[in-house]
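Each chain is listed here by its residues.
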Amino acid sequence: MALVCALWVITLDGSRDLQQAVVRSVNDKNAQLQRQLENVVREANSEIELLAAKKSELERDLDHERKKVRELQEAAREQNKEYQKLKAQHDKIKRKALLGVSVGGNVQANVPPPNSQGTSTEVSDNFPRSPGPEDAHWAYRQRAKRVPASRYPEKD
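Source: prediction; values computed, not measured.

A.B. asks: Looking at this model, I keep getting lost on the overall build of the protein chain. Mind explaining?
C.D. replies: Counting secondary structure elements, the protein chain contains two helices and two strands. Walking the protein chain from its N terminus toward its C terminus, one meets helices and strands in the order α-β-β-α. Expressed as a percentage of the 156 residues in the protein chain, the buried residues total 6%. Expressed as a percentage of contacts within the protein chain between residues at least 6 apart in sequence, the contacts between residues at least 24 apart total 47%. With the model as given, the accessible surface of the protein chain reaches about 13600 Å², and the carbon-plus-sulfur share is 57%.

A.B. asks: Which parts of the structure should I look at to understand the pattern of salt bridges?
C.D. replies: Between side chains of opposite charge, a pair can form when the charged atoms approach closely. On inspection of all chains with the given rule, the structure shows four salt bridges. The salt bridge partner of Lys-55 is Glu-59, with a shortest N-O separation of 3.5 Å. One end of the pair is Lys-55 and the other is Glu-59, both in helix α1 (residues 2-99) and four residues apart, which spans about a single turn. Put simply, Arg-77 and Glu-74 hold a salt bridge, and the shortest N to O gap is 3.0 Å. Residue Arg-77 and its partner Glu-74 are located together in helix α1, separated by three residues, close to a single helical turn. The exposure class assigned to Glu-74 is partly exposed, which follows from its relative accessible area of 37%.

Criteria and cut-off values
Residues numbered from 1 in each chain as written. Predicted model: local features only at pLDDT ≥ 70, side-chain atom pairs only at ≥ 80, totals over all residues. Heavy atoms only, no water. Helix = DSSP H or I, 4+ residues; strand = E, 2+ residues; numbered from the N terminus. Buried < 20%, exposed > 50% of the residue type's maximum accessible area, 1.4 Å probe, protein only. Contact = heavy atoms within 4.5 Å. Areas by Shrake-Rupley, 256 points an atom, 1.4 Å probe, with all protein chains shown as cover. Salt bridge = Lys/Arg side-chain N within 4 Å of Asp/Glu carboxyl O.

This is the structure:
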């Protein structure tokens, strides 16, 4: 019986040592996993901060681009207004030039633009003619020859 009691005590002592070794191993593994978790959380937080900074930078860029778009749209509207105004003036001058202008109740025939001396080839020097829409149209055409076509886009 004493032998059985001695074996039982040895088994309990061995069992206790085994349990303590298992507990130590589990505690070490737990500490290691805790350190890994802290590293993952730290890396995730720094990535979140990095992405938040990038997001705010992209939002600033987006606001800047939207402002540029608004400015370009406003400039395009202003240019379109100016184009429409010039087109209306051109059409008005062209209409007057094609229909002729009434002078003293008579309809004046379309007169070609003045030659290099400043006088018309069809009007005598005894009867100088007053400047009319034909002259304005001629001057407009001369200016149009000097202006690049891209400056006044065609509208469909």
